[in-house]
Amino acid sequence: MQLLFPLLAFLLPHGAGAGEIIGGREARPHSHPYMAYLQIQTPNGLSTCGGFLVRKDFVLTAAHCLGSPINVILGAHNIQTTERSQQRIPVLRAIPHPQYNPQTNLNDIMLLQLGNRTRLNRFIRPVALPQTRATLRPGTLCTAAGWGLVSLNRRTSLLQDVRLRVQRDQECSRRFRRYSGQLQICVGNPRERKSVFLGDSGGPLVCNNVAQGIVSFGNPNGTPPAVFTRVVSFLSWIKRTMRCFKQPEETETPS
């Protein structure tokens, strides 16, 4: 039986087990200005995911992070404090890919239209999407970032990041029965204790300043490799969907 372990996390009390970016470190504050922190209401309670800003009014994340309502926090480093850099914006419309399959996690991608257009500055800026279908070569060094636990019993409120290498598809196809190299990317050297894990779902895999992947699922014990949705395979859907929805009017900010 294939073991799928979606990497979203439910909000747990301090001391409860969940997960982390494994083998990473605290990110330099605001060095990933595209990062989004999602607070999601689900039938099972409040959960969290990552995401990333791709236009002033759209965040890209994983389809398995769907819930209602969803609130997005941009410009954060310490998610437990109200930093002056933060903008908290409700999601106007969640648009999961119409062919998302929760059993296999194929097409695990979702656009979130924000209720207000983001005010861009040095703390908040969209990340570039791929412009071509050029293959992401095995061995490419990329960065993943997210908020999560730093151990099974200790939470961190600070953004963490980790450098991960793209692997050959065979590394994931022999571990995950329904892995698709056309739609997914295999990431993380199995000989290193570095990976994404619970709470990192929906966050980006950034390679040479381009968002190439979205954290999707991995092994239940957090050992690499993990599986990311391949962004380039969904470019036409992303562009078509964002064109369908008008950007919200910018609201006046009181001086």
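Further up the page is the structure itself.
Residue indices begin from 1 for each chain and proceed along its sequence in written order. A pLDDT threshold of at least 70 governs which residues receive local features in this predicted model, and a stricter bar of 80 or more applies before side-chain atom pairs are shown or counted, although totals over entire chains, interfaces and linings include all residues. The side-chain figures draw on all heavy atoms in the structure; neither hydrogens nor water molecules are used.

**Student:** Sorry, what's going on with the state of the cysteines here?
**Tutor:** Put plainly, a disulfide is one covalent bond tying together the sulfur atoms of two cysteines. When the sulfur atoms of two cysteines come within 2.5 Å, that pair is taken as a disulfide. This structure, assessed with the given rule, holds 3 disulfides. Disulfide partner of C49: C65, at an S-S distance of 2.0 Å. Taking the torsion about the sulfur-sulfur bond, which here is approximately -85°, the covalent link between C49 and C65 counts as left-handed. Remark: C65 occurs in the loop between β5 (58-61) and β6 (70-74) and C49 occurs in strand β4 (residues 45-55); sequence separation between them is 16 residues. Numbering goes from the N terminus for both helices and strands, where a helix is a DSSP run of H or I of at least four residues and a strand is a run of E of at least two.

**Student:** Before we go on, may I ask you to explain the pattern of salt bridges in this structure?
**Tutor:** Opposite charge on two side chains permits pairing when their charged atoms draw close. Take a side-chain nitrogen of Lys or Arg and a carboxyl oxygen of Asp or Glu: if they are within 4 Å of each other, that pair is a salt bridge. A complete count under the given rule lists 4 salt bridges for this structure. Here D57 ties to R55 by a salt bridge, and the two come within 2.7 Å at their closest N and O atoms. Because the salt bridges share partners, they merge into one network encompassing E171, R174 and R175.

**Student:** Just checking my understanding: could you explain the environment of E192 for this structure?
**Tutor:** Relative to the helices and strands, E192 resides in the loop between β13 (184-187) and β14 (204-207). Relative accessible area decides the class of each residue, using a 1.4 Å probe on protein chains only: under 20% of the type maximum gives buried, over 50% gives exposed, and in between gives partly exposed. Assessed through its relative accessible area of 40%, E192 is described here as partly exposed. Between the alpha carbons of E192 and L164 there is a distance of 9.4 Å; along the sequence they are 28 residues apart.

**Student:** Explain the sheet that holds β14 here, please?
**Tutor:** Across the sheet, which stays open at both edges, the 7 strands sit in the order β2-β12-β9-β14-β15-β16-β13 with antiparallel pairing between neighbours. With one partner strand each, in any of the chains shown, β2 (25-26) and β13 form the two edges of the open sheet. Relative to strand β12 (residues 160-165), strand β9 (residues 141-146) runs antiparallel, the two being bridged by 6 bridges. Of the residues in β12, the one forming a bridge with T143 is R163. Paired strands, as defined in this entry, are two strands with at least two bridges between them according to DSSP.

**Student:** How do you make sense of the pairing of strand β3 (residues 35-42) when you look at a structure like this?
**Tutor:** Remark: a regular strand shows side chains that alternate across the two faces of the sheet. The buried fraction of β3 amounts to 6 of the 8 residues, a majority that puts the element mostly inside the structure. Sheet analysis places β3 next to β4, joined by 8 bridges and oriented antiparallel. Paired with Q39 across the strands is T48, a residue of β4. Following β3, the chain reverses through 2 residues before pairing antiparallel with β4.

**Student:** When you look at the pairing of β4 in this model, what are you seeing that I'm missing?
**Tutor:** The element β4 is largely enclosed, with a buried count of 9 among its 11 residues. Judged from the 3 bridges that link them, β4 and β5 form a sheet pairing that is antiparallel. Across the sheet, residue L53 finds its bridge partner in β5, namely V59. Between β4 and the antiparallel strand that follows it, β5, lie 2 residues.

**Student:** How should helix α2 (residues 235-244) be read in this particular structure?
**Tutor:** An α-helical turn contains 3.6 residues, so a residue and the one three or four places further along point in the same direction. Within the span of α2, buried status applies to L235, W237, I238, T241 and M242. Here the buried residues of α2 occupy an arc of 165° about the axis, which is enough to place them on one side. Exposed and oriented more than 90 degrees from the buried face of α2 are S236, R243 and C244. Buried residues belonging to α2 abut β4, β5, β7 (87-96) and β8 (110-114). To be clear, the arc concerns the directions from the helix axis to the C-beta atoms. Throughout, a residue-residue contact means that at least one pair of heavy atoms, one from each residue, lies within 4.5 Å.

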